[in-house]
Amino acid sequence: MNKVLMQGNRIIGEAAIRAGCRFYAGYPITPQNEIPEYMAERLPEVEGGVFIQSESEIAAIHMVIGASAAGVRAMTSSSSPGISLKQEGISSLAACELPAVIINMMRGGPGLGNISPSQGDYFQATRGGGHGGYRTIVLGPATVQEMADLTMDAFDLADQYRIPAMILADGMMGQMMEPVVFKEPKPRVYPESLMMRGAGEGKSKIIRGLILDPLEMEEHNWTLDRKYRVIAQSETRHEHYKTEDAELILVAYGTAARIAKGAIKRLREAGLRVGLFRPITLWPFPTNELREFAKKSENFLVFEMSTGQMLEDVRLALQGYARIGFHGRPGGVVPTPIELTNVVMHQYDRKGGVIEQYQ
Amino acid sequence: MKKVFERPKSMKKNIFHYCAGCGHSIAHRLIAEVIDELGIRGVLIGVLPAGCAVLAYNYFDVDMIEAQHGRGPATATGIKRALPDRVVFCYQGDGDLAAIGIAESFHAANRGENITVVFINNAVYGMTGGQMAPTSMLGQRTTTSPGGRKSLLDGYPIQVSEVFSLLPGTSYIERCTVNSPASILKAKKAIRKAFQCQIDGRGFSLVEILSPCPTNWKMTPIESCRWIDEVMSKTFPLGVIKDLPEIKKKGDKRHDG
Amino acid sequence: MMVKTLLSGFGGQGVLMMGHALAHGAMSAGYHVTYLPSYGAEVRGGTANCTIAVSNDEIASPIASEPDHLVVLNTPSLYTFQNRVARGGSLFLNSSIVSVESSRHDCRIYKIPASEIAEKIGNPRTANTIMMGAFLKVTGLVPSDIYLHSMEEVMGSKKKTIVEINRRAFAAGYDYLKESL
Ligand SMILES: Cc1ncc(C[n+]2csc(CCOP(=O)(O)OP(=O)(O)O)c2C)c(N)n1
């Protein structure tokens, strides 16, 4: 086992290259600058590797569209304001059914916001983000190890479903170092027939998003929708932690899930039976899996570094099945495990029930 | 006793957060002095960039709005069109103006928006940690051009002032620097002239300032000043690049019918 | 066991390198570890700090709201962070630069004239390594040999002279403090 200690942002760069990414375009923005910096150094060293510092995020995503159409594994990365700019291109990737990997190291917002870790882009990421009605696969790593694993998986999923896949992490995950072991990448499965590399003697291809005939466009919308339903059926992932006997289950992803684990240790020491449900795929959201847990526990507490976005997906899964509470810290505040511990202690009794005055 | 040096009135009493040897603070002060001298503090609106100068409202005691990265000239256009009798200036870095915001800048210039742009060219992205800018020198090592900028891969340093001077909408463009007392005085004159140009209704004015960034150039402040003379100003020659006379109301070619 | 250490100083004093080496050492010694640097506009040309969490168990948060140990290489860092240190924790001061006294009376305070020692050794840039020598003597967080190995790996310097002088610096810091926890 070859453990390395690397910063999250650089890990993503390395994992992408190991997964066969040979094209990267991006524009500097904190807190993800180490991704383009790593790619600038490493990509030219690998055969066929292309690094471009684009003039804007808009340009970067459109460069990725080109590389992807040409059949190259392509990636771009940014942080919240830059991801907003990329939405036009992400919508095009979805429309044209092109694979690509997009990294979002979220920071506090809205607007220019700040550069502190945050989870305010959940809606944008999981609802498609751009115009026209589409989905992107969204993966939410909670450790640097998972950043490596999920980045590799994102390329495979993007190819398999010809869809943009996004890693939704935050500034803290990008900046911190943790030991990582790289897994063996899977060989790429992506038919050459899909790659636009000149017709040669054969039939020429078109890749397009413009479909003027409404009926034809409708059919395209339904085709995409069928694909999304297959993904929703077969690609959900989650982790559960100390849920066997839990009277209260916390629901959190990414950095918030780490903090929740810390809180759970303290709470259990204090005799409260608390567990964690952690969605790893944010879209597709593990709705059915979460609902199963409502058979075990009546009480759930959603914990996010936002004013409550994943909360809506949890409600869709659990409304009518269980009681749902919420604790959120938006704006770039990273709450401590102690804070969350106190929140639970103050609001819940030993059986995980809501203390009366809170009801 | 006679005071010969004091804080400009349009400057707040805050200490700059800029690194030692950075040119932003000098540029700020020059703009503030000009604002005082022209007596325009009350009618002035500043548009700030994403970049090291993002917090400049901590220093300028004038109305300021912060634009999204690169969109300053568009925001400034909106303000100026809505309030044509105000003085509007737009403060931009080289990444802000010449990369992500080149379209906004170019078109504001081409429309001849009657605004003033102060363009800080430090040949890097300062705020995000010294990545390559569109104005980085060929061969310049930055965090995203670790082997030095190569024209084949990254293109050439963009001479914004020269390019913009070709647009009929622009009226006054000068390139200066702030690496010596003499050059600082010159830069101040240029800024003053650019604002005057706007006040006289002559259209788009721009002052480009070659500005030292010791932190990201990995030089001492003194080496940085020298580098501007010895390297940067070879690619970006100093001087007045365009200075159109005042628009004569009748028969001026710039007024198409 | 869970130990959080905060290292802080001016940019350029080697604070981040020191933390990276400590984290690498902890990894090599078989612990769970996280390393989190300060980042963004506030660190350009100004101060630098990082937090290292070392544990037998999964680490929830890489942030230290109450670090067990604080290592400071300049005075502003002492002012900024001393009141965060957990009761009964320890403070390591580069006393050549930090001339003021800490206001914490419930913590152990170790003063190491690291810059002077570094000057004597012949390389003023090794003050950070001297601090780490003293830090590891007292805390024993990572065995010295493992730390030295990690330090060399992180510095990535193949130059014998640099490796040598840092080894000497580490030993000087280690020997400066008599006591260990
Ligand atoms: C859409 C978007 N992308 C990226 C950023 C991050 N960002 C902030 S400032 C900056 C570059 C600043 O460089 P420059 O304009 O040259 O100004 P300087 O900092 O050197 O003064 C970048 C890339 C952002 N704020 N918004």
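Residues numbered from 1 in each chain as written. Chains lettered and ligands numbered in written order. Predicted model: local features only at pLDDT ≥ 70, side-chain atom pairs only at ≥ 80, totals over all residues. Heavy atoms only, no water.

1. Here's the deal with the overall build of chain A
No. 1: Across its full length, chain A carries twelve helices and 14 strands.
No. 2: Based on the C-alpha atoms only, the size of chain A along its principal axes is roughly 75 × 50 × 40 Å.
No. 3: Burial statistics for chain A: of 359 residues in total, 60% are counted as buried.
No. 4: Here chain A displays about 14,000 Å² of accessible surface, and carbon together with sulfur accounts for 51% of that area.
No. 5: In chain A, which carries 38 positive and 41 negative side-chain charges, the distance between the mean positions of the two groups comes to 4 Å. (Helix = DSSP H or I, 4+ residues; strand = E, 2+ residues; numbered from the N terminus. Buried < 20%, exposed > 50% of the residue type's maximum accessible area, 1.4 Å probe, protein only. Areas by Shrake-Rupley, 256 points an atom, 1.4 Å probe, with all protein chains shown as cover. Lys, Arg positive; Asp, Glu negative; His and termini not counted. Charge placed at Lys NZ, Arg CZ, Asp CG, Glu CD.)

2. Considering the interface of chain B and chain A
The extent of an interface is frequently quoted as the accessible surface area lost upon association of the parts.
No. 1: Taken together, the contact pairs 19 residues of chain B with 19 residues of chain A.
No. 2: Counting every contact that joins chain B to chain A gives zero salt bridges.
No. 3: Elements represented by at least two residues in the side of chain B that touches chain A include exactly helix H3 (94-100) and strand S6 (131-132) of chain B.
No. 4: Per element, the largest residue contribution to the side of chain B that touches chain A is four residues, and it comes from H3(B).
No. 5: Considering only residue class, the side of chain B that touches chain A consists of eight nonpolar, eight polar and three charged. (Contact = heavy atoms within 4.5 Å. Salt bridge = Lys/Arg side-chain N within 4 Å of Asp/Glu carboxyl O. Nonpolar A, V, L, I, M, F, W, Y, C, P; charged D, E, K, R; others polar.)

3. Here we look at unusual backbone geometry
Peptide bonds are mostly trans, and most non-glycine residues show a negative phi.
Residue and element names in this part refer to chain A.
No. 1: Omega for the peptide link from Thr 30 to Pro 31 comes to 5°, which places this bond in the cis form.
No. 2: Mapped onto the secondary structure, Pro 31 falls in the loop between strand S2 (23-26) and helix H2 (34-42).
No. 3: The amide bond that connects Trp 283 to the next residue, Pro 284, takes the cis arrangement and shows omega of 0°.
No. 4: Considering the arrangement of structural elements, one finds Pro 284 in the loop between strand S12 (281-283) and helix H10 (287-293).

4. Details of the packing of aromatic side chains
No. 1: Using the criterion set out here, one finds 17 aromatic pairs over all chains in the structure.
No. 2: Between Tyr27(A) and Tyr125(B), the aromatic rings sit 5.4 Å apart at their centres with planes inclined by 75°, giving edge-to-face as the arrangement. Separated into two different chains, Tyr27(A) in the loop between S2 and H2 and Tyr125(B) in strand S5 (residues 124-125) make up a pair that spans both. With respect to class, Tyr27(A) is no different from Tyr125(B); both count as buried.
No. 3: Between Phe164(B) and Phe204(B), the ring centres sit 6.3 Å apart and the planes meet at 55°, which makes this aromatic pair tilted. Of this pair, Phe164(B) sits in helix H6 (residues 160-165) while Phe204(B) sits in strand S8 (residues 204-210), and the two are 40 residues apart along the sequence.
No. 4: A relative accessible area of 1% means that Phe204(B) is categorised as buried.
No. 5: In this structure an aromatic cluster arises from ring pairing among Phe16(B), Tyr18(B) and Tyr59(B).
No. 6: Here the basic side chain of Arg18(A) rests over the ring of Phe182(A), its NZ or CZ set 4.1 Å away from the ring centre. (Phe/Tyr/Trp six-rings, centres within 6.5 Å; stacked < 30°, edge-to-face > 60°. Lys NZ or Arg CZ within 6 Å of the ring centre and 35° of its normal.)

5. Side note on the site of the ligand
No. 1: Around the ligand, the surrounding shell holds 24 residues, and the nearest of these are Pro28(A), Glu57(A), His24(B), Asp94(B) and Gly126(B).
No. 2: More than one chain reaches the ligand: the nearby residues come from chains A and B.
No. 3: The separation between an oxygen atom of the ligand and a polar main-chain atom of Cys52(B) is 2.8 Å.
No. 4: Relative to its unbound accessible surface of 590 Å², the ligand loses 98% to contact with the protein.
No. 5: Counting only elements with at least two residues in the shell around the ligand, the list comes to helix H4 (80-96) of chain A together with H3 and S5 of chain B.
No. 6: Considering each element in turn, the shell around the ligand owes the most residues, four residues, to H3(B).
No. 7: Here the residues of the shell around the ligand sort into eleven nonpolar, nine polar and four charged. (Near = heavy atom within 4 Å. Polar contact = N/O pair within 3.5 Å; in protein donor to acceptor, adjacent residues only side chain to side chain.)

6. Let's talk about the pattern of salt bridges
No. 1: All told, the structure shown has 40 salt bridges over all chains when counted by the stated rule.
No. 2: One salt bridge in this structure joins Lys261(A) and Glu239(A), with 2.9 Å as the shortest N-O distance. Separated by 22 residues along the polypeptide, Lys261(A) in helix H9 (residues 254-269) and Glu239(A) in strand S9 (residues 238-241) bring together distant segments of the chain.
No. 3: Close ionic contact of Arg86(B) with Asp85(B) constitutes a salt bridge, the shortest N to O distance being 3.3 Å.
No. 4: Residue Asp85(B) is classed as exposed on the basis of its relative accessible area of 57%.
No. 5: Here the salt bridges do not stand alone but share partners, grouping Glu146(A), Glu239(A), Lys261(A), Arg278(A) and Glu58(C) into one network.

7. Notes on H4(A)
Residues and elements named next belong to chain A.
No. 1: Its 17 residues place the ends of H4 24 Å apart at the C-alpha level, agreeing with the 24 Å of an ideal helix rising 1.5 Å per residue.
No. 2: Within H4, the axis deviates most sharply at Lys 86, by approximately 45°.
No. 3: With 13 of 17 residues buried, H4 is to be regarded as a mostly interior element.
No. 4: With its phi angle positive at about 55°, Glu 97 sits one or two positions after the end of H4. (Expected span 1.5 Å × (residues − 1). Bend = angle between axes of the 7 residues up to and from the residue.)

8. Some details on the domain arrangement of chain A
All names here are of chain A.
No. 1: Partitioning chain A into structural domains gives domain 1 (4-234) and domain 2 (238-347).
No. 2: A separation of 28 Å is found between the C-alpha centroids of domain 1 and domain 2.
No. 3: Residue-level contacts link 33 residues of domain 1 with 25 residues of domain 2.
No. 4: With both chains or domains summed, domain 1 and domain 2 bury close to 2,400 Å², and 54% of this area falls on carbon and sulfur atoms.
No. 5: On the domain 1 side of the contact with domain 2, Gln 119, Tyr 122 and Phe 123 bury the most area, a combined 31% of that side's loss.
No. 6: Applying the counting rule to domain 1 against domain 2 returns three salt bridges. (Domains from an automatic or database assignment. Buried area = accessible area lost by both parts, 1.4 Å probe.)

9. Here we look at H9(A)
All names here are of chain A.
No. 1: Between its first and last C-alpha, H9 extends 24 Å over 16 residues, near the 22 Å set by a 1.5 Å rise per residue.
No. 2: Most of H9 is tucked away, with twelve of its 16 residues classed as buried.
No. 3: Every buried residue belonging to H9 is among Gly 254, Thr 255, Ala 256, Ala 257, Arg 258, Ile 259, Ala 260, Lys 261, Gly 262, Ala 263, Ile 264 and Leu 267, and all of these are buried.
No. 4: Following H9 by one or two positions, Gly 271 has its phi on the positive side, about 90°.

10. Side note on the nonpolar core
Looking at soluble globular proteins, one finds that nonpolar side chains tend to be buried together.
No. 1: Of all hydrophobic cores here, the largest spans 111 residues; its most connected members are Met39(A), Met75(A), Ile137(A), Leu250(A), Leu290(A), Phe300(A) and Val344(A).
No. 2: A domain-level breakdown of this core finds at least three residues from each of domain 1 (4-234) and domain 2 (238-347) of chain A.
No. 3: If we skip the residues at most four places from it in the chain, Leu290(A) touches Val251(A), Phe277(A), Phe285(A), Phe300(A), Val314(A), Ala317(A) and Leu318(A).
No. 4: Within the second largest apolar cluster, 43 residues are counted, among which are Ala26(C), Ile52(C), Val142(C) and Ile165(C). (Core = buried A, V, L, I, M, F, W, Y, C linked by side-chain atoms within 4.5 Å.)

11. Brief notes about the sheet that holds strand S4 (residues 116-121) of chain B
All names here are of chain B.
No. 1: Taken in spatial order, the seven strands of this open sheet run S2-S1-S3-S4-S8-S7-S9, and their pairing is mixed. The strands lining the two open edges of the sheet, one partner per strand, are strand S2 (63-66) and strand S9 (239-243). On average, each strand axis in the sheet is tilted by 15° relative to the strand beside it, whichever way the strands run.
No. 2: With seven bridges connecting them, strand S7 (residues 170-177) and S8 associate as parallel partners. (Pairing = 2+ DSSP bridges. Axes fitted to C-alpha atoms, helices over the stretch in contact; angles between N-to-C directions.)

12. Digging into the sheet that holds strand S3 (residues 50-53) of chain A
All names here are of chain A.
No. 1: Taken in spatial order, the seven strands line up as S3-S2-S4-S5-S7-S6-S12 in an open sheet, and their pairing is mixed. The outermost strands of the open sheet, each flanked by one partner alone, are S3 and S12. Going from strand to strand, the sheet's axes swing by 20° on average, the running direction of each strand aside.
No. 2: Two strands pair when backbone bridges link them, and strand S6 (residues 137-139) and S12 are joined in this way by two bridges, in the antiparallel orientation. Considered in S12, the bridge of Leu 139 is made with Thr 281.

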